[in-house]
Amino acid sequence: MAVDDALRVEPSLADKLAFLSRPDHYPEPTRNVEAVETHMSWVFLTDAFAYKLKKPVRYDYLDFSTLEARRLDCEVELRLNRRLAEAVYLAVVPLLLTAEGRLSLNGEGRPADWLVKMRRLPAERMLDALIRRRAATEDSIRVLARRLTVFYAGSVTEPLSAEAYRQRFAVKITEFLRELSRPEFGLPAQRLAHIAQAQLKFLQQYAGLFDARVTQGRILEGHGDLRPEHVCLLPEPVMIDCLEFKRDFRIIDPLDELGYLALECERLGMPEVGPWLLSGYGEASGDRWPAPLLRFYQSFRASLRAVLAIWHLRDDGRHPPQTWIRTTHEYLDLAERHIEQAGL
């Protein structure tokens, strides 16, 4: 094949996955490569590094369908994640197509795709792994809380009206109910309606609680997806995988974001992490909040996670459908419990 012809042949996603699965294709020596598929990307784990390749997908909330869109998102991911994991996020590197039509991570060629290169973190220090071993300690969680307090203190308050803030929740609650109620999922309609109605009632009845958070300047740009699997409890904790593709999803009350992390720790079986985290944050930040507001935030996040779980029935072939049905019901249990504990 002529050089010009080779350059015109676009490698497929399968070609890229096959190339990145080979240990001898990486610039650093590695004995193994482990490929991990997520909803929007593939992550290739070498002995010391992780390389993330974004899938060429397009949804209502993101568009990775073009090479340039994937490059730009890689750049944003690098910049945003360096806020809480500077030493982890190393570079955006091109997956090259050489003049001979071969893929390469070295040398010359034109970009066939883009990868975010990261240092691997010790799996045993991730918060979800610690929770599974019941090895998360109050001291380490309080260190995490102080680290996040510093992060939030350095964020700029979002110029958002109180009414607009409340309306964001109202719109989303209605959307969650619509999605969860789709006949194809077979979820209990009466229960779904009860949860949504209770959340909307709280939003209306206790509007002043939300308005006060806006007035106090508590709404800011956070991490956006603070879950145990994204937290590594090193001596200096790091948080990875922020929600980079849509800024609006990162505009949040720190209480909401920390409540979300507490909720996920509760679901994994270690509910005591939440009080450790929130009391540590309150002491470090001076922030005070009414308990019912925290419960609302956690109920809302549980509903969101229920939607994301049930959506996997449409396009996920990596887990049995029953896995996602069970997970959805776990989140609905949490959504119902927390809104009831909010006082409604």
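Owing to the predicted nature of the structure, the values given are computational and were not obtained by experimental measurement.

Draft legend 1. Structural view of the overall build of the protein. Helix and strand counts for the protein come out as twelve helices and twelve strands. A compact globule built from 344 residues should have a C-alpha radius of gyration of about 20 Å, and the protein, at 22 Å, falls within 12% of that. Its C-alpha atoms put the protein at 70 × 45 × 40 Å along the principal axes. Looking at the protein residue by residue over its 344 residues, the buried ones come to 50%.

Draft legend 2. Inspection of the pairing of strand β1 (residues 34-37) at higher detail. Note that β1 and strand β2 (residues 41-45) share four bridges and pair antiparallel. Across the sheet, E37 pairs through a bridge with W42, a residue of β2. If you look at the hairpin formed by β1 and β2, you'll find three residues sitting between the two strands.

Draft legend 3. The arrangement of the packing of aromatic side chains in detail. For the structure shown, the criterion picks out 22 aromatic pairs. Both rings, one in F202 and one in F296, keep their centres 5.3 Å apart while their planes meet at 15 degrees; by these two values the pair is stacked. Note that F202 is positioned in helix α7 (residues 189-205) and F296 in helix α11 (residues 291-315), a separation of 94 residues in sequence. Neither residue differs from the other here; F202 and F296 are each classed as buried. One aromatic cluster is present, formed by Y165, F169, F176, F202, Y206, F210, F296, Y297 and F300 through successive ring pairs. In this arrangement the basic side chain of K246 is found over the ring face of F249, its NZ or CZ atom lying 5.7 Å from the centre. The residue whose ring lies beneath R301 is Y260, and the NZ or CZ to ring-centre distance is 5.9 Å.

Draft legend 4. Up close: the sheet that holds β2. Taken in spatial order, the six strands line up as β1-β2-β3-β8-β6-β7 in an open sheet, and their pairing is antiparallel. Lying at the two open borders of the sheet, with one neighbouring strand each, are β1 and β7 (103-104). Sheet topology places strand β6 (residues 89-97) next to strand β8 (residues 110-119); eight bridges connect them, and they run antiparallel. Among the inter-strand pairings, L96 is bridged to a residue of β8, identified as P111. Contacts from helix α3 (residues 67-81) reach β3 (49-54), β6 and β8 within the one sheet, and its direction differs from that of β8 by about 20 degrees.

Draft legend 5. Representation of the pairing of β8 within the structure. In terms of residue burial, β8 counts as a mostly covered element, since seven of its ten residues are buried. Pairing geometry for β3 and β8, over five bridges, is antiparallel. Paired with Y51 across the bridge in β8 is K117.

Draft legend 6. Spotlight on the layout of surface pockets. If you add up the space inside the second largest pocket, you get close to 190 Å³. Of all the elements in the fold, those that place two or more residues in the lining of the second largest pocket are α9 (254-267), α10 (273-285), α11 and α12 (321-341). When grouped by side-chain class, the residues that make up the lining of the second largest pocket number five nonpolar, four polar and three charged.

Draft legend 7. Structural detail: the environment of L72. You can see L72 is positioned in helix α3. In this structure, the C-alpha to C-alpha distance between L72 and Y26, residues 46 residues apart in sequence, is 23 Å.

Draft legend 8. Local environment of the packing of α9 against α11. Two elements in contact, α9 and α11, have axes whose closest approach is 9 Å; the angle formed by their N-to-C orientations is 65 degrees. Here the hand of the crossing between α9 and α11 comes out right-handed. Contact residues: L255, D256, G259, Y260, A262, L263 and E264 in α9; L293, L294, Y297, Q298, R301, A302 and R305 in α11. Class assignment of the residues belonging to the contact of α9 with α11 gives a composition of eight nonpolar, two polar and four charged.

Draft legend 9. Fine view of the nonpolar core. Membership of the largest hydrophobic core comes to 61 residues, with the highest contact counts inside it found for L127, L144, L148, F210 and F296. Here this core takes nine residues from α11, the largest share from any one element.

Draft legend 10. Region of the structure containing helix α6 (residues 162-180). Taking 1.5 Å of rise per residue, the 19 residues of α6 would be expected to cover 27 Å, and the 28 Å separating its terminal C-alpha atoms lies within 8% of that figure. Of all the positions in α6, only Y165, F169, A170, I173, F176, E179 and L180 are classed as buried. Packed against the buried residues of α6 are α7, α8 (207-215), α9, α11 and α12.

What counts and how
Residues numbered from 1 in each chain as written. Predicted model: local features only at pLDDT ≥ 70, side-chain atom pairs only at ≥ 80, totals over all residues. Heavy atoms only, no water. Helix = DSSP H or I, 4+ residues; strand = E, 2+ residues; numbered from the N terminus. Rg over C-alpha atoms; globule rule 2.2 N^0.38 Å. Buried < 20%, exposed > 50% of the residue type's maximum accessible area, 1.4 Å probe, protein only. Pairing = 2+ DSSP bridges. Phe/Tyr/Trp six-rings, centres within 6.5 Å; stacked < 30°, edge-to-face > 60°. Lys NZ or Arg CZ within 6 Å of the ring centre and 35° of its normal. Contact = heavy atoms within 4.5 Å. Axes fitted to C-alpha atoms, helices over the stretch in contact; angles between N-to-C directions. 1 Å grid on protein atoms, 1.4 Å probe; cavity = no way out; pocket = protein on both sides within 12 Å on 5 of 7 lines; lining within 4 Å. Points joined across faces, edges and corners; volume = space filled by probe spheres on them. Nonpolar A, V, L, I, M, F, W, Y, C, P; charged D, E, K, R; others polar. Left-handed = near helix turned anticlockwise from the far one by under 90°. Core = buried A, V, L, I, M, F, W, Y, C linked by side-chain atoms within 4.5 Å. Expected span 1.5 Å × (residues − 1).

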